[in-house]
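Commentary on secondary and tertiary structure
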Amino acid sequence: MLIWLRIFCIFAISIAIANPVLADDIPKKIPLYDVVLNGGRVMDPETGLDAIANVGITDRTITAITVAKIDGVEIIDVTGQIVAPGFIDVHNHSPTPLGQIYQARDGVTTSLELEAGSYPVAVHGAYIRRKARINYGASTGHTQARMVAMSGGKHAAVPDILGATASKIGQDNGEARTRFVVANPSERSEIRATVEDGLLQGGIGIGLLLDYISDAVDEQELRAMFELAAQYQTPVFVHIRRGIAGDPAGLDEVLSMAKATSAKVHICHMSHNAMKNVELFLARIREAQKAGVDVTTEVLPYNAGSTSIGAAVFGRDWQRIFDIGPQDVQLASTGAYFTQESFDRTRRENPNAAIIHHYLKEEWTRYLVAAPDVILSSDGLPVIRLDKKMPPQGIGSFAKLVGTYVRDEQLLPMMTALSKITLQPAQLLEKAAPAFRLKGRLQIGMDADITVFNPLVIKDKATYEDPHQASIGVTHLLVNGQFVIKGEKLEDAAFPGRQIFGSSSKRSE
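Being a predicted model, the structure only gives us computed values, none of them experimental.

**Here we look at empty space enclosed by the protein**
In this approach the atoms are scanned with a rolling probe the size of a water molecule, which exposes any empty space left behind. This structure, assessed with the given rule, holds five cavities of 30 Å³ or more. As a volume, the largest cavity reaches approximately 180 Å³. Around the largest cavity sit 24 residues that line it, and Tyr212, His239, Arg242, His269 and Ser306 are the ones nearest its centre. Residue classes in the lining of the largest cavity are distributed as 10 nonpolar, 10 polar and four charged.

Written out as structure tokens, the structure is:
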């Protein structure tokens, strides 16, 4: 209610003060904005606005968009640059100080951990609490909640849930049961209650790493998660079960479950599951949408996967699943490629080692990047320190979209690309987290999360061999009305980012 009241008041005030005719008639009442972005190409995917205009910001809100001259405490000339809604990343695993710097450089104003999630929800963002440069948030992590529930609360969830801490399996740490043991009725009830508690803590949806714990989750437990999501009107963000290269069975499973329960479902990194069958997967998603299923999906613009070498999929027939061999897999920390012997040894001795497995083709990625209804995300792994390598997608995905695919290759129009990283993520989330009703748009009354970039310069620089290279071309970045980047320079003391909570939470933003 407060958000809608705020929108109403802002619109009422803006109509009274930002109309150029009124401003010309009564000069003494021209408002003084905190910040004015002058002369940029203002683009808003929701309204279709694409015009040279001036943008006024008051406090943390956009309060004017006009061709008239407006005045401000701080006036920034953005001639020749695109002024866009702040980019929203729905799939990133790096709520770290360095990770946030790289994402800001990439134009991101809100970074979310929705695939894996967190439990307790407050654990997410512990490294950036009160020092967040950009907004952040997380879903309720089913895997972590399952660990707590399956141990009767004896074992706390661990933050490293994307891979497998297989070195600890066999010890009494709860992970073996989490990953491999099918829950009995009592445990299933406890899992549901724990995940529900995570929603009440502020989780934005339910993160379901189904492929990582495929042996443990039966149809009844899966249904319980979808029913819970439907009850709370919040999405399930799912890494589907992966079959032999391109097998759609895992997709069909979750689409059927979403239809049966009326739950909203978001399919994570579709290219990495569909592989050669990206056209088939997207066709089935669109067919499900026409049949009334509330389903969305995403793509990351890089042609490799990233996880730990101990992940469950590498305990299966992974070479058939990915249609690759050890010679296509790199150790992230060194960039060295494996032999069969070194792969087996590393998996046995260092199962937490991050790897990069190259199994996608550019044509598959391009197909989904060009699709106007597929959200773009990063799936960036944790960026901890400069001497530790990681895959580049968490550093350069958004600049790669608008720099490489829009400007250089003209694969899709700029407005379509912006929709995939602003409006569509906001629409995906706005029922589950009302804060997103004010994000992803560049309109009067919306949050002043704004990305300004030079379309002739913007480019991703990170590579698999040398990932620690920030994107270039983002000239200004405002988060909640405050500059995080100004004149291409990072504002060292700026920490305006806020944690965003789901609508079921009793906590405020």
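**With respect to the pattern of salt bridges**
What the rule picks out here adds up to 22 salt bridges. Measuring nitrogen to oxygen at the nearest pair gives 2.8 Å for the salt bridge that ties Asp373 to Arg286. Residue Asp373 is located in the loop between α13 (362–370) and β16 (375–376), and its partner Arg286 is located in helix α10 (residues 278–290); the two are separated by 87 residues in the primary sequence. Close ionic contact of Asp317 with Arg320 constitutes a salt bridge, the shortest N to O distance being 3.8 Å. Using a relative accessible area of 52% as the deciding quantity, one classes Arg320 as exposed.

**Brief notes about the environment of Glu362**
Its location among the elements puts Glu362 in helix α13. The sequence separation of Glu362 and Ala304 amounts to 58 residues, and the corresponding C-alpha distance is 10.0 Å.

**Section: the packing of aromatic side chains**
Taken as a whole and assessed by the stated rule, the structure comprises nine aromatic pairs. Here Tyr302 and Tyr464 contribute two aromatic rings whose centre-to-centre distance is 6.4 Å and whose plane-to-plane angle is 90 degrees, an arrangement assigned as edge-to-face. In this pair, Tyr302 sits in the loop between β12 (295–299) and β13 (305–308) while Tyr464 sits in the loop between β17 (450–453) and β18 (474–479), placing the two residues 162 residues apart along the sequence. For the pair Tyr302 and Tyr464, one class covers both residues: buried. Arranged with centres 4.6 Å apart and planes meeting at 25 degrees, the rings of Trp318 and Phe343 form a pair that is stacked. Of this pair, Trp318 sits in helix α11 (residues 318–322) while Phe343 sits in helix α12 (residues 340–349), and the two are 25 residues apart along the sequence. Pairwise contacts between aromatic rings join Phe314, Trp318, Phe322, Phe338, Phe343 and Tyr359 into one cluster. For the cation-ring pair, Lys400 lies above Tyr302, with the distance from its terminal atom to the ring centre recorded as 4.2 Å.

**Describing unusual backbone geometry**
Here the amide bond leading from Tyr119 into Pro120 is cis, since omega sits at -5 degrees, within 30 degrees of zero. For Pro120, the location among the structural elements is in the loop between β7 (108–118) and β8 (135–141). With a phi close to 50 degrees, Gln233 is a non-glycine residue in the positive phi region. Its place among the elements puts Gln233 in the loop between α7 (219–232) and β10 (236–238).

**What about the pairing of strand β3 (residues 61–66)?**
Burial runs high along β3: five of the six residues are buried. Here strand β2 (residues 49–58) folds back onto β3 in antiparallel fashion, the turn holding two residues, of which Asp59 has a positive phi close to 60 degrees.

**Observations concerning the sheet that holds strand β15 (residues 354–357)**
One open sheet accounts for three strands, arranged β13-β15-β14; its pairing is antiparallel. Two strands close off the open sheet at either side, each with one partner strand: β13 and β14 (329–331). On average, each strand axis in the sheet is inclined to that of its neighbour by 25 degrees, with strand direction left out of account.

**A word on the side chain of Glu221**
Here Glu221 lies in helix α7. At 2.8 Å, the side chain of Glu221 forms a polar contact with the side chain of Arg146. In contact with Glu221, not counting residues within four places along its chain, are His142, Arg146, Ala183, Arg188, Ile191 and Ala216.

**What to know about helix α4 (residues 142–150)**
Among the nine residues in α4, nine count as buried, and that is most of the element. For α4, the complete set of buried residues consists of His142, Thr143, Gln144, Ala145, Arg146, Met147, Val148, Ala149 and Met150. In the core, the buried residues of α4 are packed alongside β7, β8, α5 (175–180), α6 (185–200), β9 (206–208) and α7.

**With respect to the pairing of β2**
Look at any regular strand and the pattern is simple: side chains alternate between the two faces of the sheet. Of the pairings in the sheet, the one linking strand β1 (residues 32–44) to β2 comprises eight bridges and is antiparallel in character. Considered in β2, the bridge of Asp44 is made with Leu49. If you look at the hairpin formed by β1 and β2, you'll find four residues sitting between the two strands, and Gly48 has a positive phi there, around 80 degrees. Strand direction decides the pairing type here: β2 and β3, joined by five bridges, are antiparallel. Directly across from Val55, in β3, lies its bridge partner Ile65.

Cut-offs and rules
What you see as residue numbers is a count from 1 along each chain, following the sequence as written. For a predicted model such as this one, the threshold for reporting local features is a pLDDT of at least 70, and the threshold for listing and counting side-chain atom pairs is 80 or more; totals across whole chains, interfaces and linings nevertheless cover every residue. Excluding hydrogens and water, the side-chain values take into account all heavy atoms of the structure. Both cavities and pockets are sets of points on a 1 Å grid over the protein atoms alone; in a cavity a 1.4 Å probe fits but cannot get out, in a pocket the set is open with protein on both sides within 12 Å along at least five of seven lines, and lining residues sit with an atom within 4 Å of a point. Grid points are joined across faces, edges and corners, and a volume is the space filled by probe spheres set on the points. Following the grouping adopted for this structure description, the nonpolar residues are Ala, Val, Leu, Ile, Met, Phe, Trp, Tyr, Cys and Pro, the charged ones are Asp, Glu, Lys and Arg, and the polar ones are all others, Gly among them. Each reported salt bridge corresponds to a side-chain nitrogen of Lys or Arg within 4 Å of a carboxyl oxygen of Asp or Glu. What counts as a helix is a DSSP run of H or I of at least four residues, what counts as a strand is a run of E of at least two, and both are numbered from the N terminus. Type-normalised accessible area, obtained with a 1.4 Å probe on protein chains alone, sets the label of each residue: buried when under 20%, exposed when over 50%, and partly exposed for intermediate values. Stacked, tilted and edge-to-face are the three classes assigned to paired rings of Phe, Tyr and Trp, where Trp is represented by its six-membered ring and a pair needs centres within 6.5 Å; plane angles under 30 degrees give stacked, over 60 edge-to-face, the rest tilted. We call a charge positioned above a ring when the Lys NZ or Arg CZ atom is no farther than 6 Å from the ring centre and deviates by at most 35 degrees from the ring normal. Note on pairing: DSSP must find at least two bridges between two strands before they are called paired. Note on geometry: axes are C-alpha line fits, over the in-contact stretch for helices, and angles between N-to-C directions span 0 to 180 degrees. By the criterion applied in these results, polar contacts are pairs of N or O atoms within 3.5 Å in which, for protein atoms, one can donate a hydrogen and the other can accept it, and in which residues neighboring in sequence qualify only through two side-chain atoms. It only takes one pair of heavy atoms within 4.5 Å for two residues to be counted as in contact.

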